[in-house]
Every structure is written in C-alpha cells, then in structure tokens.
Protein chains: 4
Amino acid sequence: MSTKDLILATAKDMISEVGFHKMTTSNLAKRADISEGTIYRHFESKEDILQHILDTFDEKYMTLAETCRVRMDKGTLSLDDLLGSHFSFLDANAADIKIVLGTYSILEITRRSMGRFIERMRTLFEDFLARGAETGTLLEVPLRPTGLILANMFFGLMRIKLYWPEIDDFSMEAVEFCRRSLMLPEAGI
Amino acid sequence: MSTKDLILATAKDMISEVGFHKMTTSNLAKRADISEGTIYRHFESKEDILQHILDTFDEKYMTLAETCRVRMDKGTLSLDDLLGSHFSFLDANAADIKIVLGTYSILEITRRSMGRFIERMRTLFEDFLARGAETGTLLEVPLRPTGLILANMFFGLMRIKLYWPEIDDFSMEAVEFCRRSLMLPEAGI
Amino acid sequence: MSTKDLILATAKDMISEVGFHKMTTSNLAKRADISEGTIYRHFESKEDILQHILDTFDEKYMTLAETCRVRMDKGTLSLDDLLGSHFSFLDANAADIKIVLGTYSILEITRRSMGRFIERMRTLFEDFLARGAETGTLLEVPLRPTGLILANMFFGLMRIKLYWPEIDDFSMEAVEFCRRSLMLPEAGI
Amino acid sequence: MSTKDLILATAKDMISEVGFHKMTTSNLAKRADISEGTIYRHFESKEDILQHILDTFDEKYMTLAETCRVRMDKGTLSLDDLLGSHFSFLDANAADIKIVLGTYSILEITRRSMGRFIERMRTLFEDFLARGAETGTLLEVPLRPTGLILANMFFGLMRIKLYWPEIDDFSMEAVEFCRRSLMLPEAGI
DNA sequence: TATGAATGAGGCTTCATTCAT
DNA sequence: AATGAATGAAGCCTCATTCAT
C-alpha cells in the first residue's frame, strides 16, 4: 500500500473511532508508523485528508446509484432490492458514514458533502417512486418530500446502529413501515 | 439573572451557533461579560456546562412526555396531537437540539444523554401505538421498533431543518407518510 | 515592570542581538522567564511585538524632531547642533535602529516603518536647509534630495557602527564632509 | 547551463525577490525544475548556495576595481568616471546587491562578505582621493574616512533604490553633493 | 548524477484550567 | 464571588537535510 493510502486508511479508522478533532496529526503519524512531516508530503492539511475520504465515499455512492438506475431502467428493481442494496452499501461503508455523521456539524466541507449525498439519495428514491407510480406498483405520493423521507430514514438507521449499537437493529421493521406507507393495498384481494 | 444562568444561557447560544469546540472559555467569558475565572466558580469544567444544558433539556422533554401521557390516559390525544406537540417542542428548543445533534458524536456525555432522549421518545410513541391498537384506531405493529422509527423520523426532520435550511420543510408530508403506515384503512366508509 | 514591558524589553534585546527570525517565541519566553502562552496574552502575534517596538521608536523620533523644530524656529539650531542631536539619538537608541535595519528587508511592516522614518528625517533636514539658505548661512541646494542624502548618510553611519564595529568611527569626518558641501565659503575672509 | 549554474541562477533570483528565509529548498527545486535532493549533490547546504553567490559577486567587483585602478594609473580616470562606473556596476548587479543588503544582518557569512566589499570600495576611493590630492585636482581630506563616506553613500543610494523605489532617484544630486565637498574651488578664477 | 519520499526538530499559536488578589 | 494574569500541554504545520533507488 502506498504511503498516501496508508495515511488515508489509518485516518479513516481513527476519525470514525474518535472523531476528527481527537485524531491529531501526531496520533495519526504514530499509528501509521510514519513521521508527522510525511503527512504533509501527501496532503495539504489535516482537513485535506478528510476531503479525500469524503470524495472517495462520494464516488462510491455514485457508483451504487448508477447501478440501481440501470436495473431500474430494465424494470428489474423491486422496492426490496433498492432498500436492500442501500443497507448493504451502508454496512459496507460504516466507517465513512460515521465520519460523515460525526463531522457535518463541525466542518463546512462535510456539511456540503453530506448535503450532496442526501440530494443524490433523494433523487434516486424519487425516481423510483415516480416509476412505481407509473407502473402502478406504488401509491402516488409527493415525490420530492417522500424521497427525502426515505433518505432521512436511512441516515437515522445508520446513526443509531453506529452510535447506539446497544439498541436492537430495526431495519426490517423500518422497511415494513415504508412498504405499508407506499405499496398499493395488494390488488388481488 | 444569576451569573450561573447567564453563563448557561450564553453558552447555549454559542454552542448552538458555532459548536462546542469553537466556543472557548475565553469567548464565552467575553460574550457573557464576565471573567474567565468566574466560569470555574460555577462549573467544574467546560464539559460540565454542557452537562447542565443537557440536563435541563432532559427535564423539559420529560415534562412534555408527562403532559402527553396525561392526555393519553384521558383518551384525548390523537396522532396529530402527539406529533404536533412534538414538532412544537422541537421548534421551541431548536438550540438545545442543535447542541445535542452537534456533539453526540464527539462527547460521551451527549451520546448518553441523546440515547436516553431517544429511549424516552420511543417509549412514549410505543405506548401511544399500543393504546391505538387496543382501541382499534391504529394498525397492530411491532411496538418497540415502530416507536423507534417515529422517534428517528423526528430527529431526522430536525437535523435537516437545522443544518440544511435550504431544503424545503417536509414535516407535513412526513406526518402523512406515517399516517398511511399506521392508520387503519378507514373502516367501513 | 509589567509583564508586557518585560516581554517588549526582552524581545528588543533579542531581536537586535540575533535577528527577528532567530528570536523564537520559545527562546523569548525562556529568557523573560515566563511561559510561552503568556506572550499571547499581551500580543496578538510575534510580529505584533515588533510592531509595538517600531511604534515606540517612531514616537521617540517624532519627539526629537519636534524638539529640533522648536529650536529651529527660535533660530538657535546650528548645523552642528542638528547633526549632534541626531548622533546622540541614534546612539541612545542603538537597539531599535539595529532592529529596523535588520528587518526592513524581510518584513513589510518594518519596510513601511523605516520608509516613514526616512521621510521624517528628510523633511526635518530639508526644512533646516531651506532656513539656512534663507538666512544665508548655507548654500542653496536642491532641498528634497539633499535632505535625503543627509538622512541616508546617518543611516549608513549607524549601520557600519552597529554591524562592523571593528571599523573606526568616522562620524566627525562625515560631519566635516557635509559642512564642506553645504556651508558657504566663509564670507569674511 | 550546468545544473549547478541553474541552481545558482535560480537561487539568486529567488533570494533577491523574496529573501533568503522565504526561499526554501522546496521552492527552489520546483522553480529550477529539479529535485530537492539534487541541490545537495552540488551544494553542502542552503547557506553554501549563498556563499557561492557572494563569492561570484566579490570577484565581479574585484574586476571592476582592477579596471578602475588601471585607468587611474594611466591618469585617465576622472571623479565622474569613477562614480559613473560604480553606478553602472551597481545597476547591473542589482540582484546581488539586494541579496547582500537583505542578509548581512542575519547571516554571518554575508556580514563578513559585505565587510570585505566595503573595505575594497573604500580602498579604491581612498587611492583615488590620494591621487587627486597629489595632482591638485581634489581637496586634501582625511583619506580613509572619506573613502568610507563615499562607499557608504553608494550603499545608501542602492538601498533606497531597491527597497523604496517610490522615492525619486537622487544619484545625480548625490554626486553633486560629493563634488562640492571634494573638488577644489575651481582655480580658474 | 538525479530523484523524491521520508524525517524530525522546532516554529507559532490556542486553550482549558489555576491561583493570588 | 469575581478577577484576569499566568500556565503548559498540545495542536498544526514547515523545512533543511538524508538516503534508498
């Protein structure tokens, strides 16, 4: 692994564990077993490290969204698929999420980054809802706010999972909660 | 106002405006027009100030919950009443909420405090759902997780309102979203 | 002596001895026997200390210039008096001068400060020359540049005295040099 | 141009532009488009680069002095010639002068180098004055200090020109000033 | 010769906290 | 109770220099 990647990986771990402020350049260097000066050969500032982490995360989510859209266009993406792939994504990127959730209130760059993230997720959900309404599988609901509600639900789930692990996971029930609100009362009766 | 309250009020404003880390004891003293030393006559540490703010907030919410319970026991609390009174509470205590949301990821004391807050809200919603199921006005849903889902929804709404004010308010739609998921398909009509 | 003055005096000594860059905040604190943090209770930055030194020096020269002007108006100020009082001033403020000479090429604030200093000295000399020409004790020479030449001569003398003390003092000869250039060829002869 | 010369030339530009301290080895390498390590293949240290620049400058002045002496021995060097050739030299080597003036107060090596420079100039002027006195074209003045006064005047002129370019050039008047002080009251009566 | 990543000492500054008055 | 000067640990960052390739 290149030194730059080592720094990035170590910083990601540390920030998600102790927060941005408590990861000091000195700590970071020690844990990555490099000198403090080396950090500045690869990054302009401590905040710059975070910026890189956020950018990478951003790209990862864009890839997921793209994949979802492709399947949506083919008509093979169910509500469960959509929510399920998001849960997987969030689980797989827990550290990044924790970083985002833990710094958006402190740092302007994260606030902006998370704002973009929310928007992207909302747009994706919105498009899904629009399509569902067209094909008659979902209720007709106000698209924009409902997309936001779903995105918001996801963040909340992650937050609780990450910061209050002692609380039982309630993802499944959340999915049910949403299904009841969005699915048409099963025609077939 | 006593000096202690002055410090508390000033600190609350500052923390919600600039965050816990960026409120320094020096800033605080200047803005409250007292000396830095005076702070330590009333509080043990900077964190101790936060602790007091959190405790006060805690009590305020307990009062609201108590009020809700009283009305619930009388059978005069509709879903709209419940959610409405919470929206009012959150609006009226925006500064406290912002402090909680902005520090739980950094400080153990807030993490615990917010944990309790979530639990309390969850319990209240849970009780409401149980009663609704009994009286036949609400669907039968898994109580504990659904209470959590509702609490979670509230926090999310506040968060977006506080940190991304440029996003349109979607409280009303969120309420609708929940109603659809929880209300019985209006019987016989 | 107040702590602020102690810092100022110590810094003046150190800067004139080793230069602005080589006086570090750490050194300064050690030599003044205070903690590094204390420096920042009294000054905004390291450069701010220098600023204070320069301002004080500025005022001191303005006082001298004022005194000279008063005597000039009374008609009791000979060329020897004028140059003599300047030599005394420069000798008495050797540390300040060394600081000015040693930092104007590095720091914008000193460059400006020294610029003002030169101007002030030039103006004073210029006025003296004008008066001398009027009263017929001095040659008529271009005022502005000649004032500058005299100011310049002074700075040069100080510089050599301060940085090359091994070179014999030549102030007296410099005064003679100027007299020959400025005095009317003694009438009476 | 050899790499060594490239480094030297680039360093000369940079030091005269931003000063010795603000030219970092990193900057220098970037501007010269070489690697930082390469610098240390050609020079022992950052100061060593300056040493080379100073040495080269020293030689250049020695050449000028030599030329002047040759003409002096032939008896074809007027005061105007002498001063004029010095002005030309200083103009042509403005970067070197700026380096010397900007570092003698900080660095021992420059202080020594400039000391030698002053001495050399003084000696040359002194010899010229001696000859002038012998041939009866110049007043008899104390040689050593007067030589120093002239050298000093030159440095002052350069300094002001380089650091306060907003001040009008007063070289011509300076020459006049010196002529008045040194020339015999034109016999020719 | 040349590279450029790595080093580590040290610089300036901030800030929660203490203490004599 | 209140003051505010003083502390000192710790934070971020810079930079001349070294060294393996």
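What this report covers is the structure whose coordinates are included nearby.

Conventions used here
Residues numbered from 1 in each chain as written. Chains lettered and ligands numbered in written order. Predicted model: local features only at pLDDT ≥ 70, side-chain atom pairs only at ≥ 80, totals over all residues. Heavy atoms only, no water. Contact = heavy atoms within 4.5 Å. Buried area = accessible area lost by both parts, 1.4 Å probe. Salt bridge = Lys/Arg side-chain N within 4 Å of Asp/Glu carboxyl O. Polar contact = N/O pair within 3.5 Å; in protein donor to acceptor, adjacent residues only side chain to side chain. Helix = DSSP H or I, 4+ residues; strand = E, 2+ residues; numbered from the N terminus. Nonpolar A, V, L, I, M, F, W, Y, C, P; charged D, E, K, R; others polar. Axes fitted to C-alpha atoms, helices over the stretch in contact; angles between N-to-C directions. Parallel < 35°, antiparallel > 145°, perpendicular 65-115°, else oblique. Left-handed = near helix turned anticlockwise from the far one by under 90°. Least-squares fit on C-alpha atoms with pLDDT ≥ 70 in both. Near = heavy atom within 4 Å. Buried < 20%, exposed > 50% of the residue type's maximum accessible area, 1.4 Å probe, protein only. Arc of directions from axis to C-beta.

Here's the deal with the interface of chain A and chain B
Counting from both sides, the interface comprises 38 residues of chain A and, opposite them, 38 residues of chain B. Carbon and sulfur atoms supply 67% of the area buried between chain A and chain B, which totals about 3,500 Å² over both sides. Considering only the side of chain A, the residues that lose the most area to chain B are Ile149, Trp164 and Phe177 of chain A, jointly responsible for 19% of the buried surface there. Along the contact surface separating chain A from chain B lie 2 salt bridges. Across the pair Arg111 of chain A and Glu166 of chain B runs a salt bridge, and its minimum N-O distance is 3.6 Å. Our count for the chain A to chain B interface comes out at 14 residue pairs in polar contact (both at pLDDT 80 or more). Mapped by element, the contributors of at least two residues to the side of chain A that touches chain B are helix H6 (94–103), helix H7 (108–135), helix H8 (143–163) and helix H9 (171–182) of chain A. A total of 12 residues in the side of chain A that touches chain B trace back to one element, the largest contributor, which is H8 of chain A. Here the side of chain A that touches chain B is built from residues that sort into 23 nonpolar, 8 polar and 7 charged.

Quick look at the packing of helix H1 (residues 3–18) of chain C against helix H6 (residues 94–103) of chain C
Residues and elements named next belong to chain C. Put simply, H1 and H6 touch, their axes get as near as 8 Å, and they point 55° apart. Relative to H6, the element H1 lies oblique. Read as a crossing pair, H1 and H6 show a hand that is left-handed. On the side of H1, the interface is formed by Lys12, Ile15 and Ser16, while H6 contributes Ala95, Asp96, Lys98 and Ile99.

Quick word on the relation of the copies chain D and chain C
Screw-axis analysis of chain D against chain C gives a translation of 0.0 Å along the axis, an RMSD of 0.2 Å, and a rotation angle of 179°. This pairing of chains is accounted for by a two-fold axis. Considering only C-alpha atoms, the part of chain D nearest the rotation axis is Ser181 of chain D, at 2.2 Å. Counting the interface residues of chain D, we find that 100% of their copies in chain C are interface residues as well, pointing to one common contact surface.

Describing the protein's contact with DNA strand E
Near DNA strand E, the surroundings consist of 30 residues, among which Thr3 and His42 of chain A, Thr25 of chain B together with Thr25 and Tyr40 of chain C are the closest. Counting only the atoms of DNA strand E within 4 Å of the protein, the fraction contributed by sugar and phosphate is 59%. Thr25 of chain B has a polar backbone atom sitting 2.6 Å from a phosphate oxygen of DNA strand E. In this structure, Thr38 of chain D approaches DNA strand E through a side-chain N or O atom, which is 2.8 Å from a phosphate oxygen. In terms of residues, the surface near DNA strand E owes the most to one element, helix H3 (residues 36–42) of chain D, which gives 5 residues.

What to know about helix H2 (residues 25–32) of chain C
Along H2 of chain C, the residues classified as buried are Thr25, Leu28, Ala29 and Ala32 of chain C. Buried positions in H2 of chain C, seen along its axis, are confined to an arc of 95° and lie on one side of it.

Looking at the packing of H6 of chain C against helix H7 (residues 108–135) of chain C
Residues and elements named next belong to chain C. Between H6 and H7, the shortest axis-to-axis distance is 9 Å and the interhelical angle comes to 120°. Relative to H7, the element H6 is oriented oblique. The interaxial crossing formed by H6 with H7 has left-handed handedness. Judged by residue contacts, Ile97, Val100, Leu101 and Thr103 of H6 engage Thr110, Met114 and Phe117 from H7. Residues belonging to the contact of H6 with H7 are distributed by class as follows: 5 nonpolar, 2 polar and no charged.

A look at unusual backbone geometry
Its identity as a non-glycine residue notwithstanding, Asp33 of chain C has a phi of 60°, on the positive side. Judged by relative accessible area, which is 67%, Asp33 of chain C ranks as exposed.

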